[in-house]
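Given next are the chains, with one letter for each unit.
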Amino acid sequence: MQSTFDETRGGTHSLADQVARFAQAKAEKNGRYLDIASVYDGSYLQGKRVVVTGGNRGLGLEISKAAKDAGADVSVLCRSHGAELDGLFTFYDGVDVTDEAAIAAAAEKIAAAGAVDVLVNNAGYFYGPRESVLEGSMNYAEQLKQLDICALGPLRVSAGLHAAGALKEGSTCAIITSQAGSVEWRFTQNKGEGGDYGHHMSRAACNIAGVLLAEELKAKGVSVVLLHPGFNRTEMTKKYEHIWDVEGAVPSAEGAMRVWHEIGRHKHLEESGAFVNCEDGLRIPW
């Protein structure tokens, strides 16, 4: 018998073709996909302790704001933040997700105030130029940088908070990853062109780390969920602004609601390690 873990909401996986996925949502008048505010309820965050990496800008900032608006106590780990954000959250500056010592120091301070209910590993890095073997534009140093930040970063932060005692039974560790990490979907989304090696490899590695982490932390009652936040109109995706409209890219504030909607629906240990598309709430294949 198929386990609950292997089932997807609605009995199907998300569509690989982004254009077709968005078109289908419009044809079906899918309110969940097209108007997340119509179904979003962040009240479950009231009084919760939330930590967000890279929560000082872009999608991370909106994730942090949405949690605070819902009544959560929000701490942000980042390299630095602008003065305009002073007083908005508790900031731990000087924390690069590649710096184990900085992560450990921040984790100790966070743990001193008690357990964290939700850790959102959001910090990431996206190399702009296209990498291609045929075009001779490979950049191996950038590939390693993306792996270091996008794959090892969430693992370092999660391990650091757990070691400090901040992640305890009932805690959820959310990892903002990408559909780019799906090997199966490369045959659709990169059909006939390949390329952009660092981005895809780093997200695939991130996903493997998340699944292994989920299996290891189950014994401690800590859940892990991997989330593709959907296509968001951020500085990181600006190189794709010519397809924002046709592929259904949304403002970051909407993307943040999608993320919190799925974290709220996550069935903790029963679904730990799941890879979910926040656009429609369905699974993404490995």
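Residues numbered from 1 in each chain as written. Predicted model: local features only at pLDDT ≥ 70, side-chain atom pairs only at ≥ 80, totals over all residues. Heavy atoms only, no water.

Colleague: Would you mind going over the sheet that holds strand β6 (residues 223–228) in detail, with residue names and values included?
Modeller: What the seven strands build is an open sheet, ordered β3-β2-β1-β4-β5-β6-β7; its pairing is parallel. Lying at the two open borders of the sheet, with one neighbouring strand each, are β3 (90–92) and β7 (274–277). Averaged over all adjacent pairs, the angle separating strand axes in this sheet is 20°, with direction ignored. Of the pairings in the sheet, the one linking strand β4 (residues 118–121) to strand β5 (residues 172–176) comprises four bridges and is parallel in character. By the bridge assignment for β5, asparagine 121 is matched with isoleucine 175. Of the strands in this sheet, β1 (49–53), β2 (73–77) and β3 are in contact with helix α4 (residues 100–112), which crosses β3 at around 155°. (Pairing = 2+ DSSP bridges. Helix = DSSP H or I, 4+ residues; strand = E, 2+ residues; numbered from the N terminus. Axes fitted to C-alpha atoms, helices over the stretch in contact; angles between N-to-C directions. Contact = heavy atoms within 4.5 Å.)

Colleague: Could you give an account of empty space enclosed by the protein, with specific residues and numbers?
Modeller: Tallied over the entire structure, the rule returns one cavity of 30 Å³ or more. Lining the largest cavity are Phe126, Tyr127, Pro129, Glu131, Gln146, Asp196 and His199. (1 Å grid on protein atoms, 1.4 Å probe; cavity = no way out; pocket = protein on both sides within 12 Å on 5 of 7 lines; lining within 4 Å. Points joined across faces, edges and corners; volume = space filled by probe spheres on them.)

Colleague: Which residues make up the packing of helix α3 (residues 58–69) against helix α9 (residues 252–265), and what values go with them?
Modeller: Contact pair α3 / α9: the axes reach a minimum separation of 8 Å and the direction vectors enclose 60°. Of the possible angle classes, the one that applies to α3 and α9 is oblique. Note on packing geometry: the crossing formed by α3 with α9 is right-handed. Of α9, the residues touching α3 (which contributes Gly58, Leu59, Glu62, Ile63, Ala66 and Ala67) are Ser252, Ala253, Gly255, Ala256, Val259 and Trp260. Partitioned by chemical class, the residues of the contact of α3 with α9 number eight nonpolar, three polar and one charged. (Parallel < 35°, antiparallel > 145°, perpendicular 65-115°, else oblique. Left-handed = near helix turned anticlockwise from the far one by under 90°. Nonpolar A, V, L, I, M, F, W, Y, C, P; charged D, E, K, R; others polar.)

Colleague: Let's hear about the pairing of β7: which residues, and what values?
Modeller: Here β7 shows a buried face lined by Ala274 and Val276 and a second buried face lined by Phe275 and Asn277. Note that β6 and β7 share four bridges and pair parallel. If you follow leucine 227 over to β7, its bridge partner there is valine 276. (Buried < 20%, exposed > 50% of the residue type's maximum accessible area, 1.4 Å probe, protein only.)

Colleague: Can you break down unusual backbone geometry residue by residue, with the values?
Modeller: Backbone geometry at aspartate 196 places phi at a positive 45°, although glycine is not the residue there. Take aspartate 196: it is sitting in the loop between α6 (186–189) and α7 (197–217). You will see that histidine 268, though not glycine, has its phi angle at about 40°, which is positive. Summarising the element assignment, histidine 268 is placed in the loop between α9 and β7.

Colleague: Please set out α7 residue by residue, giving values where relevant.
Modeller: With 21 residues, α7 should reach 30 Å at 1.5 Å per residue; the first-to-last C-alpha distance of 30 Å fits that figure. Among the residues of α7, Gly198, His199, His200, Ser202, Arg203, Cys206, Asn207, Ala209, Gly210, Leu213, Ala214 and Leu217 are the ones counted as buried. Contacts from the buried residues of α7 go to α5 (140–164), β5, α6, β6 and β7. (Expected span 1.5 Å × (residues − 1).)

Colleague: An account of the packing of aromatic side chains is needed here, citing residue identities and associated values.
Modeller: Evaluated as defined, the whole model comprises four aromatic pairs. With a centroid separation of 6.1 Å and an interplanar angle of 45°, the aromatic rings of phenylalanine 126 and tyrosine 240 are classed as tilted. Taken together, the residues phenylalanine 126 in the loop between β4 and α5 and tyrosine 240 in the loop between β6 and α8 (244–247) connect sequence positions 114 residues apart. Looking at tyrosine 240, the relative accessible area reads 24%, which means it is partly exposed. The ring of tyrosine 125 has lysine 145 lying over it, and the distance from NZ or CZ to the ring centre is 4.3 Å. When the ring centre of tyrosine 33 is taken as origin, the NZ or CZ atom of arginine 258, which lies over that ring, is 5.4 Å away. (Phe/Tyr/Trp six-rings, centres within 6.5 Å; stacked < 30°, edge-to-face > 60°. Lys NZ or Arg CZ within 6 Å of the ring centre and 35° of its normal.)

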